[in-house]
Amino acid sequence: MAAIPYSSLPLQFLFFLLLSGSFLQTRTLSTDQTVKTFIFRIDSQSKPSIFPTHYHWYSSEFASPVQILHTYDTVFHGFSATLSPDQAASLSRHPSVLAVIEDQRRQLHTTRSPQFLGLRNQQGLWSESDYGSDVIIGVFDTGIWPERRSFSDLNIGSIPSKWKGVCQVGVKFTAKNCNKKIIGARFFSKGHEAAGGSAGPIGGGINETVEFMSPRDADGHGTHTASTAAGRLAVYKVCWKNAGCFDSDILAAFDAAVNDGVDVISISIGGGDGISSPYYLDPIAIGSYGAASRGVFVSSSAGNDGPNGMSVTNLAPWIVTVGAGTIDRNFPAEVRLGDGRRLSGVSLYAGAPLSEKMYPLIYPGKSGVLSASLCMENSLDPNLVRGKIVICDRGSSPRVAKGLVVKKAGGVGMILANGISNGEGLVGDAHLLPACALGSDEGDAVKAYISSTANPTATIDFKGTILGIKPAPVVASFSARGPNALNPEILKPDLIAPGVNILAAWTEAVGPTGLDSDLRKTEFNILSGTSMACPHVSGAAALLKSAHPDWSPAAIRSAMMTTASIVDNSNQPMTDEATGNASTPYDFGAGHVNLDRAMDPGLAKAREFELPFDCRIVLDTIQGSFKQEFYQNRDQCWSAKCCVYSESCVSGERSDSDCETIKIGLHRGC
């Protein structure tokens, strides 16, 4: 099916208007005059001809060269610089400045799954796409551990000729670490380094005692997500261990990735403040729009704040937002109580078992001290927990960290109990001591047993790995939910994909828990999160793009969404792990991705939006005389788009003078 180029999208006009000078928007600037990083969107056509490049213009008229961190010239035009809020506010009044956004820190949305997606070796999309070998996926994450077998280039053909990227060298990363699988790697640290020099609340730069100033992965998350995706890999390290990911660096990665020639961008990163910014103030939305308009498919994680409603992030309509579902594999464990009852849970503990020995059971939360119930650091009395299995409530600290607290206090095991907010959703963890996670109902049952028994005892039995679990998929309890907080009429998330207990490659730099005290080393690790679901869809997009080179990003998404499944492997409607009830489109979007069907969807929509939607948003945004003009004739949205967004009269529907009048009018406020 022929694809309509993204460059024809009427939404481009909307985007220009939202960021034009007459409607200047700035994220709130602090009264604190601490130097911070700000991102400036600039009208590229305003550059005086005396300057050979935009950088020369920016460094002469807006900020000194030492203040400028990044310049952007592909997904949008502008720069990021370290300035005081007053300086940023002053620059925002410059007629060429379209928008100012304060740099923010974002966070990562921390295998049998290919078969569960409907892929079979030597059959269907795997073989027809040549395993995506001609498609390049740009992974924005914590870097990569290139020595892992998952990144071997054995039997992989030559690097696609369209590739224009580089293999950036750095600490413990040389050009030899790239190959025909990892065809490029870059790292972006200027935003972090600037924040590290700030005394403000966002400060805290890169800790080079635990990090590598290179594309090498010190965290593990990036290695895991990269090995989940198919196709060639281009690695863009924008997130740093224990330091998050800064918008200014993410935008620089978008710029580089599109210039390098990627076909797909996978970004398992979300907002750090729990609030969805308008698209024109959201750097991920801005960067992904510029990428999508150049034919690059962008997938992102939906976030892990489910099952709360309206918790989904990365809401821009041109991003494929991915939630998480379970697969038909589980790692069961069982808590056996002294009264003979057996309670089912999950665990990835692989150390010495308890060998069915019964141990005293204690719940520190009986004291009424919240920190003790959560097994927070230094909250447990060794005299009370030594030699016992300890019940810890989930929340407020990492699940594996609670086990470490118990172990330090002398406990022999841990039962991790869900609360009401987590419901029955369970996640397996590679604990440092014998431990089992239980759902809310089972957790309450254990606590009731302790309260009703003079000498409660328990043990934990580990059952290994079980395949063929039914029902599956189930919407993961943590997977962020709709409705869309910005445009409720646009369904988010778009899809769900495998995101629970996903096996993939792991870094050598840290143990499987990621804790500093975890000295274990492993080539593979099992993680859960919408971060794990996102690269499944990125890889799926690569396979579809390889099989259908003429498909646009919109066509690829359309094929996935129109063929997604809303039933589980028992042929029943998908359920919600948190409640056990039937799930809804606010939970799973269009459904669970099904690549067998997406290969030949029958019909794929190749253009992203229709004019009425675009013009309606324009009407909500524009003030003054243009509002009435667009209201009277929606077709003028299309005409003015050609004149304004492309900043040239390419449509032939208006004269050059008309186009210039519109552009000037928009810049000056009409």
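Residues numbered from 1 in each chain as written. Predicted model: local features only at pLDDT ≥ 70, side-chain atom pairs only at ≥ 80, totals over all residues. Heavy atoms only, no water.

- The protein chain is annotated in an unreviewed UniProt entry as Subtilisin-like protease SBT1.6 of Citrus sinensis.

1. Considering the pairing of strand E20 (residues 389–393)
Phase 1 of the analysis: Most of E20 sits out of view: five of its five residues are buried.
Phase 2 of the analysis: With burial as the criterion, each face of E20 is covered, one bearing Ile389, Ile391 and Asp393 and the other bearing Val390 and Cys392.
Phase 3 of the analysis: Bridge count for strand E19 (residues 359–362) against E20 is two bridges, and the pairing is parallel. Across the sheet, Leu361 pairs through a bridge with Ile389, a residue of E20.
Phase 4 of the analysis: Relative to strand E21 (residues 413–417), E20 runs parallel, the two being bridged by five bridges. When the sheet's bridge partners are listed, Ile391 is paired in E21 with Ile415. (Buried < 20%, exposed > 50% of the residue type's maximum accessible area, 1.4 Å probe, protein only. Helix = DSSP H or I, 4+ residues; strand = E, 2+ residues; numbered from the N terminus. Pairing = 2+ DSSP bridges.)

2. Thoughts on the state of the cysteines
Phase 1 of the analysis: Applying the stated criterion across every chain yields a total of three disulfides.
Phase 2 of the analysis: What pairs with Cys239 in a disulfide is Cys245, and their sulfur atoms sit 2.0 Å apart. Negative torsions about the S-S bond denote left-handed disulfides, and the value of about 105° found for Cys239 with Cys245 makes this one right-handed.
Phase 3 of the analysis: With relative accessibility at 1%, the residue Cys239 sits in the buried group.
Phase 4 of the analysis: Between the sulfur of Cys375 and that of Cys392 lies a disulfide, 2.0 Å long from S to S. Its torsion about the S-S bond being -85°, the disulfide of Cys375 and Cys392 is classed as left-handed. Of this pair, Cys375 sits in the loop between helix H10 (370–373) and helix H11 (382–385) while Cys392 sits in strand E20, placing them 17 residues apart in sequence. (Disulfide = S-S within 2.5 Å.)

3. Observations concerning helix H8 (residues 247–260)
Phase 1 of the analysis: Between its terminal C-alpha atoms H8 stretches 20 Å, which fits the 20 Å expected from 14 residues at 1.5 Å a residue.
Phase 2 of the analysis: Counting buried residues along H8, 13 of its 14 residues qualify, which places the element largely inside the surrounding structure.
Phase 3 of the analysis: A positive phi of about 105° marks Gly261, the residue just after H8. (Expected span 1.5 Å × (residues − 1).)

4. Concerning the packing of helix H7 (residues 221–228) against helix H14 (residues 530–547)
Phase 1 of the analysis: Between H7 and H14, the shortest axis-to-axis distance is 8 Å and the interhelical angle comes to 30°. Both H7 and H14 take part in a crossing whose hand is right-handed. Here His221, His224, Thr225 and Thr228 of H7 come into contact with H14, specifically with Ser531, Met532, Pro535 and His536.
Phase 2 of the analysis: Tallied by class, residues from the contact of H7 with H14 come to two nonpolar, six polar and no charged. (Axes fitted to C-alpha atoms, helices over the stretch in contact; angles between N-to-C directions. Left-handed = near helix turned anticlockwise from the far one by under 90°. Contact = heavy atoms within 4.5 Å. Nonpolar A, V, L, I, M, F, W, Y, C, P; charged D, E, K, R; others polar.)

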